[in-house]
Amino acid sequence: MAQDSAHQSPSTAPAAEARALLPTVVPALLVGVVASLVLLGVSTAAEELQDVLWRDLPDALGVGRYSVLWMSVMLVATGIAVGLVVWKVPGHAGPDPATTGLDAPVLPPAVLPGLLLATAFVLAGGPSLGPENPIITVNVSLAVWLGAKAVPRAPERGWVALAEAATIGALFGTPVAAALVISEALAGQRIEGRLWDSLFAPLAAAGAGALTTALVSRPNFDLHLPSFGRPGWGDLLAALVIAPVGALLGMCAVYAFPYVHGAFRRLRHPMLVLPAGGVVLGALAALGGHLTLFKGLDEIAELAHDPEGWSAGEFATMTVVKLAALLVAASCGFRGGRIFPAVFVGTALGLCAHALVSGVHPAVGVSAGVLGILLAITRQGWVSLFVAAVLVASPGILTLLCLASLPAWLLVTGRPQMQLRADGTAVR
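Being a predicted model, the structure only gives us computed values, none of them experimental. Sequence positions are assigned chain by chain, starting from 1 and proceeding in written order. The predicted origin of the model limits local features to residues at a pLDDT of at least 70 and limits the giving and counting of side-chain atom pairs to 80 or more, whereas totals for whole chains, interfaces and linings rest on all residues. Neither water nor hydrogens contribute to the side-chain values; these are computed over all heavy atoms in the structure.

Some thoughts on the nonpolar core
- Among the nonpolar cores identified, the biggest contains 127 residues, and F172, F334 and L391 are the most heavily contacted of them.
- Note on contacts: a residue pair is in contact if any heavy atoms of the two residues lie within 4.5 Å. Residues within four places of F172 in sequence aside, it is in contact with A177, F221, I339, F340, F386 and V387. The criterion is simple. A nonpolar core is a set of buried Ala, Val, Leu, Ile, Met, Phe, Trp, Tyr and Cys residues joined through side-chain atoms within 4.5 Å. Partly exposed residues are those whose accessible area sits between 20% and 50% of the maximum for their type, while under 20% is buried and over 50% is exposed, using a 1.4 Å probe and protein chains only.

Shown next as structure tokens:
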């Protein structure tokens, strides 16, 4: 019996032959290119709409672009626009986004136009959500639908893996992020063959998605913070403190999530729920300023460009307001993901630590803050480490992050996640 078990262990599992893997290359590359183009198309359309809503229109009306009045008007208007889509468009823009994560559901094709439209409105209108969850859902649903027509005998799970990997590669501009996510997902599954056999086709899809994005838009997550050299004991102490603080702050939002979601759900109708969310987001924008709007990537670049440009109190205010805006936007039905706004929260937290204690290097503060927040919000260890590391182009930061992730992980593991079941209870 012991010998039989040993023969079945992953380390001795039989490897797939090359002729079994080669036929997956072309479908994987196609899925990667299409997934990237869908992401780029929605992002480009949203950016054009954002320019109209936040630059051309207020200028034409003689209103300040980021005045309290205009921010409130735009956020409520976005709630009305998304509410109309959820109410009237076939498919109602997909399931309640509070119940979905990176593991996307497969939706009928008729639902996808409404989901894309709602996502574009959110990205352009200012709610604190990113594109990742709805775009992964769209790409997964398209891949399954088209894949079933092209290769009816192929398992649905294979198309799902390709589309998820392709979209994650396109989002971050590198297949490394996709490989980490898939490896983490496979760790909890019984897989046939060896790990790299299972990763082969998804990695090809992720590479195609990342390369397409890089050729078209040249993404870059490096914040160009002051250069960080060799880590010292002070840097280690700072990382060990800031990452758990970030995790605790993120867990405050996680524990509040079911209650805030339940409060909005009592309004029942999307034309009440989403505009009400817009009202609350407008009030938060008035407190935190225009940098706490949108998904947050352009805004963190502005913060990092001048780490000394705000006081500790201002950074703390932006940290709390952005986290609250993420919580409200995710609770009231706006379609979007939580990773990118969480990165803003962690960045503001890290710069707040630097403003409070000048000995905290900005790169250490930002990367540790992002790590802690993402661990709480996503519960994805590898993604959290990856995103925190790519914000700071320094090999020396990796050791600090790996060590800081340990106490932060102890604070979040086994606790509720920022995702709900259909009955409104938290997923663990």
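Thoughts on the state of the cysteines
- Pairs of cysteine sulfur atoms within 2.5 Å are what we label disulfides. Under the defined criterion, the tally for this structure stands at zero disulfides.
- A disulfide-free cysteine, C252 has its sulfur positioned 15 Å from the sulfur of C352, the nearest such atom.

Here's the deal with the packing of helix 4 (residues 68-88) against helix 5 (residues 112-125)
- Under this scheme, a helix contributes an axis fitted over its contacting stretch, all axes are lines through C-alpha atoms, and angles between N-to-C directions fall in the 0 to 180 degree range. Strands are runs of DSSP state E lasting at least two residues, helices are runs of H or I lasting at least four, and both sets are numbered from the N terminus onward. Viewed as axis vectors pointing N to C, helix 4 and helix 5 meet at an angle of 180°, and their least axial separation amounts to 9 Å. Considered as vectors, helix 4 and helix 5 are oriented roughly antiparallel to each other. In this structure, helix 4 uses M74, L75, T78, A81, V82 and V85 to contact helix 5, whose residues at the interface are G114, L117, A118, F121, V122 and G125.
- Here the residues of the contact of helix 4 with helix 5 sort into nine nonpolar, three polar and no charged. Each angle is binned into one of four classes, with values under 35 degrees roughly parallel, values over 145 roughly antiparallel, values of 65 to 115 roughly perpendicular, and all other values oblique. Under the scheme applied here, ten amino acids are nonpolar (Ala, Val, Leu, Ile, Met, Phe, Trp, Tyr, Cys and Pro), four are charged (Asp, Glu, Lys and Arg), and all others, including Gly, are polar.

A look at the packing of helix 15 (residues 362-378) against helix 16 (residues 381-390)
- As a packed pair, helix 15 and helix 16 sit with axes 8 Å apart at the nearest point and diverge in direction by 155°. As judged from the angle between their axes, helix 15 and helix 16 are roughly antiparallel. The two elements helix 15 and helix 16 cross, and the hand of that crossing is right-handed. Mapping the contact onto sequence places S367, V370, L371, L374, L375 and T378 in helix 15 and G381, S384, L385, V387 and A388 in helix 16. The sense of a crossing depends on the near helix, which, turned anticlockwise from the far helix by less than a right angle, makes the crossing left-handed and, turned clockwise, makes it right-handed.

Some details on the environment of V82
- Relative to the elements of secondary structure, V82 occurs in helix 4.
- On the basis of relative accessible area, V82 is assigned to the buried category, the value being 0%.
- Separated by 39 residues in sequence, V82 and F121 have C-alpha atoms that sit 6.7 Å apart.
- If we skip the residues at most four places from it in the chain, V82 touches A118, F121, V122, L274 and F334.

Observations concerning the side chain of K322
- Inspection of the secondary structure assignment puts K322 in helix 13 (residues 312-331).
- In summary, the charge assignment counts Lys and Arg as positive and Asp and Glu as negative, without counting His or the chain termini. In the sections that follow, a salt bridge refers to a side-chain nitrogen of Lys or Arg positioned within 4 Å of a carboxyl oxygen of Asp or Glu. Buried and unpaired, K322 has no salt bridge, with E299 as the nearest side chain of opposite charge at 5.9 Å.
- Separated by 3.1 Å, the side chains of K322 and S128 make a polar contact.
- A distance of 3.3 Å separates the side chain of K322 from the backbone oxygen of L293, its partner in a polar contact.
- Setting aside chain neighbours within four positions, we find K322 in contact with S128, T292, L293, F294, K295, G296, P341, F344 and V345. Throughout this description, a polar contact denotes any pair of N or O atoms lying within 3.5 Å of each other; where both atoms belong to protein, one of them has to be capable of donating a hydrogen while the other can accept it, and for residues adjacent in sequence the pair is counted only when both atoms sit in side chains.

What to know about helix 11 (residues 270-288)
- In this model, helix 11 (19 residues) spans 26 Å end to end at C-alpha, consistent with the 27 Å of a helix rising 1.5 Å per residue.
- Turning to helix 11, its buried residues number three or more, namely P270, V273, L274, P275, G277, G278, L281, G282, L284, A285 and G288.
- The secondary structure elements touched by the buried residues of helix 11 are helix 4, helix 10 (233-265) and helix 13. Here, expected helix span is obtained from the residue count minus one, scaled by 1.5 Å.

So, the pattern of salt bridges
- Within the structure shown, the criterion is met by two salt bridges.
- Note that D56 and R55 form a salt bridge whose closest N and O atoms lie 3.1 Å from each other.
- By relative accessible area, R55 is classed as partly exposed at 36%.
- Residue D59 pairs with R65 through a salt bridge whose shortest N-O separation is 2.6 Å.
- Here D59 falls in the partly exposed class, since its relative accessible area comes to 42%.
- For R65, a relative accessible area of 37% puts it in the partly exposed group.

Here's the deal with the confidence of the model for the protein chain
- Looking at the protein chain as a whole, its pLDDT mean stands at 89, while 94% of the residues score no less than 70.
- You can read pLDDT as the predictor saying how much it trusts each residue, on a scale of 0 to 100. At the low end of the mean pLDDT range in the protein chain sits helix 1 (residues 2-8), at 44; at the high end sits helix 5, at 97.
- A low-confidence stretch, residues 1-10 stays under pLDDT 50, and its non-local contacts, those more than four residues away or across chains, total two contacts.

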